[in-house]
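Structural overview for review
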There are 2 protein chains.
Amino acid sequence: MADGLRHKVVLDESEMPTQWYNIVPDLPSPPPPALHPGTLQPAGPDDFAPLFPMELILQEVSTERYIDIPEDVQDVYKLWRPSPLYRAHRLEKALGTPARIYYKYEGVSPAGSHKPNTAVPQVYYNAKAGVRKLTTETGAGQWGTALAFACAQYGLECEVWQVGASFDQKPYRRTMIETFGGTVHRSPSELTASGRAQLAERPDHPGSLGIAISEAVEVAAQSDDVKYALGSVLNHVLLHQTIIGEEALLQFAKLDETPDVIVGCTGGGSNFGGLTFPFLREKMAGRMSPTIRAVEPASCPSLTKGVYAYDFGDTAGLTPLMKMHTLGHGFVPDPIHAGGLRYHGMSPLLSHIYELGLIEAMSVPQTECFAAAVQFARTEGIVPAPEPTHALAACIREALACKESGEEKVILTALCGHGHLDLASYEAYLSGRMVDENPDDARFTEALADLPKVDA
Amino acid sequence: MADGLRHKVVLDESEMPTQWYNIVPDLPSPPPPALHPGTLQPAGPDDFAPLFPMELILQEVSTERYIDIPEDVQDVYKLWRPSPLYRAHRLEKALGTPARIYYKYEGVSPAGSHKPNTAVPQVYYNAKAGVRKLTTETGAGQWGTALAFACAQYGLECEVWQVGASFDQKPYRRTMIETFGGTVHRSPSELTASGRAQLAERPDHPGSLGIAISEAVEVAAQSDDVKYALGSVLNHVLLHQTIIGEEALLQFAKLDETPDVIVGCTGGGSNFGGLTFPFLREKMAGRMSPTIRAVEPASCPSLTKGVYAYDFGDTAGLTPLMKMHTLGHGFVPDPIHAGGLRYHGMSPLLSHIYELGLIEAMSVPQTECFAAAVQFARTEGIVPAPEPTHALAACIREALACKESGEEKVILTALCGHGHLDLASYEAYLSGRMVDENPDDARFTEALADLPKVDA
């Protein structure tokens, strides 16, 4: 048997958690409700029924602390779960830091990210409700891949609108979605009224998650047996992702260690919420006291430069109004490489938790992220997706601060996916063609003028 | 705790084997020696010294049954090892077979394949010997990626000649090698005499592994502190890969199960030898009796259509002569998508074992392979590299034969890598542009006329 450093904690699949954690009942106050965009009254289950099956709607508004993971979903999860928790010994050594760096790696999944954690139960509940086809948007392509994989497990059709900038930069993602049996359209597309309206204004439109959502929602709303699936933002999505944090708690317990700082990247918030909510539960109960920090791209800083207000989840204004940190539903971020973080808003639940002061937020420019990612790849052997490079950059900042101060902090990072299908972004970085965002971009405030008027 | 089907057996890193297995002393007769190409006398350690450090040369000719894995190598292995053994419940169900299908998955490594298992020790021994730079060839790019990753662990430079056809089809592989700090050239290149000679004949030459080996060997032979590393074929490479089979034996023991049939793809033979040699030891000792079957592409069938003869390992004739199954060192296979299997020869050790009747061989056309791969991806969630699609196709043939006969055979397949960087080949398949090889290709015999004359 081998001695030496321990690099990872793997759990047997018999140790996989069997419940998701709902943080809502543990918060000091509940998050504000979604509003119907016409009446401005709290939206009820019926308002969501054209888009989602009832079991997911009930999870969306649930106040139960724990929700059982169906056995059929557990069975699919075990194709890749539990995911490993790594100790980054080699990165620590390269940095010369006394900090102990851990990362929870979700790149082992079929889509190569955390996204199947919610795709699988979403398709499961839709299949139970007799739905024939699911539509969705995708940014970098991780979510579209995850949903196509999940649809293949339950025999549903899957139709994906991919943000134009990512569609053009990452052709392999489309092939991967098609390999799992899905269909992909470049968004904005000629297939929907909302897509055509965008193309009329700008024929070479790079797209945005907000526009792609409008297109997918528009198609789903037209047929009874077609529903829509969202890969982040909503409560039930973050709920499904909590299996990440529940596993990480079991793994830290095996190490007899607790994190002092947890950093994760935030686009819509599901990766971050999934890892951190179970730790936040422990923190609110006084059992540990980690600093929990969200990291967003400098080009799409909804938490650090947006406002906390009611806004639409999509660009065309088809969704209920949600109170969240937003840059305005009309905001179109630069086509940066972390396509999964190009969303104008932030999960309402996570926004509420941020307002409660339970988490921190920061933003990082993309060349710093890729410098961190290359250092990570050369030491730890994993090429990260562009999204978690933000978390790694923040993690390295923290580790270097520990080097300065001599503190032996325990840092936990969410490494939510690999970058095997994002290598064009590494090519841009390594060749010196990647540029940083303008942190004073005037567009960060322009789109706020168009927020819907709501007396909250 | 979750009940239900068991999908995988993971080992803790403390259970990782600490020795490689050398099959040579257990064989009924030793493999024929390599010959010096000038004298035709058995090549001694000194003949290999311009290319390899002495510790690897001694492993190449070792008759010790077990060789300790250095602790420093074990430490790097633990970044991804032990690798999981999966039971393919969902594929079995889709096939309707009573067979139990297992696959040992090497795609969890930094390069996404089994290649780092030998890249890491090779670089380790070179670093110990004071070598500054390693040169190598790569086909699909898996080996070049593995060597670049390993060089990053020990601070060596890495220069890679990639087979032209793969270089053109798979641009992301080049970026991945560069992300790990390596340099990549398209082969044949203008940088070497052997490359220039090929380009003079055919400016758009698609390249071959044999040509790329000539280029890398030529550059390494010119400097004392530059050596060459080979990703397959040689005894020491297959030795390092036996950690795959040793782990699989431990995992089968935990399941109280033994395989009846083992199938793996063969290019140079290292993936196949790595998985099967420990099982072959058990078979020769009478402790189990699996059928062991090598699967090669119909376009490069060295075992099933080649001859067993002394030939050069490279195209230009720079290497020692090795007795092996070969299509002739001048053979240039079609630019099929499984670039890692486009090698004119076969591991001399594996060729010898085939001649001894200890293993079987077959070939499969590539569209059958990709049909198998898509079915596998949609059921098991992993998109295989083009090389192991051959093993999957053979595995599915076996499983369907079991369906016919009602036999509950236990099938073990080597899933030696993921296809995330090979999605262009899936695009070709899904769009219907992929064609099968001509099984009666006249070139299978043409190049045999140029075999070196040796009285063996």
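Residues numbered from 1 in each chain as written. Chains lettered and ligands numbered in written order. Predicted model: local features only at pLDDT ≥ 70, side-chain atom pairs only at ≥ 80, totals over all residues. Heavy atoms only, no water.

1. Details of the overall build of chain A
Condition: Only runs of H or I of at least four residues qualify as helices and only runs of E of at least two qualify as strands under DSSP, and these elements are numbered from the N terminus. Three labels apply to residues, based on accessible area from a 1.4 Å probe with only protein chains included: buried if under 20% of the type maximum, exposed if over 50%, partly exposed otherwise in between. Note on definitions: a residue-residue contact is assigned when non-hydrogen atoms from the two residues lie within 4.5 Å. All accessible areas in this document rest on Shrake-Rupley with a 1.4 Å probe, and a residue is counted as covered only by the protein chains that are shown.
Secondary structure summary: chain A contains 18 helices and 15 strands in total. Overall, chain A is about 60 × 50 × 45 Å in size when its C-alpha atoms are taken along their principal axes. A burial count over chain A gives 67% of its 456 residues as buried. Contacts spanning at least 24 positions in sequence make up 77% of the contacts within chain A whose residues lie at least 6 apart. Roughly 14,500 Å² of accessible area belongs to chain A as shown, and the carbon and sulfur atoms make up 50% of that amount.

2. Regarding the sheet that holds strand β9 (residues 226-228) of chain B
All names here are of chain B. How we decide: By the convention used here, strands pair only if DSSP detects at least 2 bridges between them. Under this scheme, a helix contributes an axis fitted over its contacting stretch, all axes are lines through C-alpha atoms, and angles between N-to-C directions fall in the 0 to 180 degree range.
Across the sheet, four strands lie side by side as β8-β7-β6-β9; this open sheet has parallel pairing. Looking at the sheet topology across the chains shown, the edges are occupied by β8 (183-187) and β9. Looking at each pair of strands side by side, their axes are set apart by 25° on average, direction ignored. Strand direction decides the pairing type here: strand β6 (residues 133-138) and strand β7 (residues 157-163), joined by six bridges, are parallel. Directly across from Lys-133, in β7, lies its bridge partner Glu-157. On the sheet, helix α6 (residues 142-154) packs against β6 and β7 and is oriented at approximately 165° with respect to β6. Across the sheet, helix α10 (residues 209-221) is in contact with β6, β7, β8 and β9; its angle to β6 comes to roughly 170°.

3. Topic: the interface of chain A and chain B
Definition in use: Buried area, as used here, totals the accessible surface that two parts lose on assembly, with accessibility defined by a 1.4 Å probe and the loss added over both. The term salt bridge refers to a pairing of a side-chain nitrogen on Lys or Arg with a carboxyl oxygen on Asp or Glu at a separation within 4 Å. Throughout this description, a polar contact denotes any pair of N or O atoms lying within 3.5 Å of each other; where both atoms belong to protein, one of them has to be capable of donating a hydrogen while the other can accept it, and for residues adjacent in sequence the pair is counted only when both atoms sit in side chains.
Taken residue by residue, the interface counts 56 residues in chain A and 56 residues in chain B. Here chain A meets chain B over a buried area of about 4,800 Å², counting both sides, of which 52% is carbon and sulfur. At the junction of chain A and chain B, the tally comes to six salt bridges. The interface formed by chain A and chain B contains 27 residue pairs in polar contact (both at pLDDT 80 or more).

4. Things to note about the relation of the copies chain A and chain B
Test applied: The copies were overlaid by least squares, fitting only the C-alpha atoms of residues that reach a pLDDT of 70 or more in each copy.
At an RMSD of 0.0 Å, chain A and chain B line up after a rotation of 180° and a shift of 0.0 Å along the axis. Seen this way, the second copy is the image of the first under a two-fold rotation axis. When C-alpha distances to the rotation axis are compared across chain A, the minimum falls at His-420 of chain A, with a value of 3.0 Å. A high fraction, 100%, of the interface residues of chain A reappear at the interface in chain B, so the copies pair face to face through one surface.

5. Considering the packing of helix α15 (residues 366-380) of chain A against helix α17 (residues 423-430) of chain A
Residues and elements named next belong to chain A. Put simply, the test is: An angle below 35 degrees is treated as roughly parallel, one above 145 as roughly antiparallel, one from 65 to 115 as roughly perpendicular, and anything else as oblique.
Viewed as axis vectors pointing N to C, α15 and α17 meet at an angle of 105°, and their least axial separation amounts to 10 Å. As the angle between them shows, α15 and α17 are arranged roughly perpendicular. Note on element contacts: α17 touches α15 through Ser-425, Tyr-426, Tyr-429 and Leu-430, opposite Thr-367, Phe-370, Ala-371, Ala-373, Val-374 and Arg-378.

6. A look at the sheet that holds strand β5 (residues 100-105) of chain B
What holds strands together in a sheet is hydrogen bonding between their backbones, with the strands either parallel or antiparallel. Residues and elements named next belong to chain B. Spatially, β1-β4-β5-β15-β10-β11-β14 is the arrangement adopted by the seven strands of the open sheet, whose pairing is mixed. At either end of the open sheet lies a strand with only one pairing partner, and these are β1 (8-9) and β14 (360-364). Taken together, the three bridges between strand β4 (residues 85-87) and β5 define a ladder with antiparallel strand orientation. Each bridged residue has a counterpart across the sheet, and for Tyr-86 the counterpart in β5 is Tyr-103. Against the sheet, helix α11 (residues 235-255) makes contact with β1, β4, β5 and β15 (410-415), and its axis sits at roughly 140° relative to β5, the strand it touches most. Set on the sheet, helix α16 (residues 386-405) makes contact with β5, β10 (261-265), β11 (291-297), β14 and β15; between it and β15 the angle comes to about 170°.

7. Details of the pattern of salt bridges
Taken as a whole, this structure holds 52 salt bridges over all chains when the rule is applied. Put simply, Glu-398 of chain B and Arg-293 of chain B hold a salt bridge, and the shortest N to O gap is 2.6 Å. Residue Glu-398 of chain B is located in helix α16, and its partner Arg-293 of chain B is located in strand β11; the two are separated by 105 residues in the primary sequence. Residues Glu-398 of chain B and Arg-293 of chain B agree in their burial class; the two are buried. One network of salt bridges, in which partners are shared, links Arg-81, Lys-104, Glu-106 and Glu-247 of chain A.

8. As for the environment of Ala-200 of chain A
Turning to its location among the elements, Ala-200 of chain A is positioned in helix α9 (residues 193-201). Once the C-alpha coordinates of Ala-200 of chain A and Glu-190 of chain A are considered, the two residues, ten residues apart in sequence, prove to be 9.8 Å apart.

9. Some thoughts on helix α8 (residues 171-179) of chain B
All of the buried residues in α8 of chain B are Tyr-172, Arg-173, Thr-175, Met-176, Ile-177 and Thr-179 of chain B. Where α8 of chain B ends, the next residue or the one after it, Gly-181 of chain B, has phi of about 100°, a positive value.

10. Re unusual backbone geometry
Of the consecutive residues Ser-187 of chain A and Pro-188 of chain A, the connecting peptide bond is found in the cis state with omega at 0°. Within the secondary structure, Pro-188 of chain A sits in the loop between β8 (183-187) and α9. The backbone of Val-233 of chain A shows a phi angle near 70°, a positive value even though the residue is not glycine. You can see Val-233 of chain A is positioned in the loop between β9 (226-228) and α11 (235-255). One non-glycine residue with positive phi stands out, namely Asp-256 of chain B, at about 55°. Counting through the fold element by element, Asp-256 of chain B comes out in the loop between α11 and β10.

11. Structural notes on the packing of aromatic side chains
All names here are of chain A. Condition: Only the six-membered ring of Trp is used, alongside the rings of Phe and Tyr, when aromatic pairs are assigned; centres must lie within 6.5 Å, and planes under 30 degrees apart are stacked while those over 60 apart are edge-to-face, with the rest tilted. Two limits define a charge over a ring: the Lys NZ or Arg CZ must be within 6 Å of the ring centre, and within 35 degrees of the ring normal.
Under the defined criterion, the tally for this structure stands at 29 aromatic pairs over all chains. On the basis of an interplanar angle of 75° and a centroid distance of 5.1 Å, the ring pair of Phe-370 and Tyr-426 is categorised as edge-to-face. With a gap of 56 residues between them, Phe-370 in helix α15 and Tyr-426 in helix α17 connect regions that are remote in the sequence. Following the ring pairs from residue to residue traces out a cluster consisting of Tyr-77, Trp-80, Phe-149 and Phe-180. For the cation-ring pair, Arg-281 lies above Tyr-21, with the distance from its terminal atom to the ring centre recorded as 4.6 Å.

12. Description of the pairing of strand β10 (residues 261-265) of chain A
All names here are of chain A. Put simply, the test is: Looking down the strands as they point away from the viewer, one classifies a crossover as right-handed if the path from the first strand across the helix to the second runs clockwise.
Buried residues dominate β10, accounting for five of its five residues. Residues Val-261, Val-263 and Cys-265 point to one face of β10 and Ile-262 and Gly-264 to the other, with burial holding for every one of them. The sheet contact formed by β10 and strand β11 (residues 291-297) spans five bridges and is parallel. Its bridge partner being in β11, Val-263 is matched across the sheet by Arg-293. Taken together, β10, helix α12 (residues 270-284) and β11 form a β-α-β motif whose crossover is right-handed. Bridge count between β10 and strand β15 (residues 410-415): three bridges; the pairing is parallel. Opposite Val-263, over in β15, you have Thr-413 as the bridge partner.

13. As for a nonpolar patch on the surface
Residue and element names in this part refer to chain A. Basically, it comes down to this: Only residues whose relative accessible area exceeds 30% and that take part in no salt bridge are eligible for patches, with like-charged residues grouped when within 9 Å of each other and nonpolar side chains (Val, Leu, Ile, Met, Phe, Trp, Tyr) grouped when within 5 Å.
Taken together, Met-54, Leu-58 and Val-61 make up a surface patch of nonpolar side chains, about 270 Å² in accessible area. Along the chain, Met-54 turns up in helix α2 (residues 54-60). Assessed through its relative accessible area of 37%, Met-54 is described here as partly exposed.

14. Some words on the environment of Glu-190 of chain A
All names here are of chain A. Structurally, Glu-190 can be placed in the loop between β8 and α9. Since its relative accessible area comes to 55%, Glu-190 is described here as exposed. On a C-alpha basis, the gap between Glu-190 and Ser-232 in space is 25 Å, while along the polypeptide they are 42 residues apart. Residues contacting Glu-190, with those up to four places away along its chain left out, are Arg-196 and Leu-199.

15. With respect to the packing of α6 of chain B against α8 of chain B
Describing two packed helices takes the angle between their axes plus the distance from one axis to the other. All names here are of chain B. Which entries qualify depends on this criterion: Under the convention adopted here, Pro, Cys and the residues Ala, Val, Leu, Ile, Met, Phe, Trp and Tyr are nonpolar, Asp, Glu, Lys and Arg are charged, and Gly plus all remaining residues are polar.
Running from N to C, α6 and α8 cross one another at 10°; their axes reach a closest spacing of 8 Å. The angle between α6 and α8 falls in the class roughly parallel. Across the interface between the two elements, Gln-142, Gly-144, Thr-145 and Ala-148 from α6 touch Arg-173, Met-176 and Ile-177 from α8. Looking at the contact of α6 with α8 residue by residue, the class counts come to three nonpolar, three polar and one charged.

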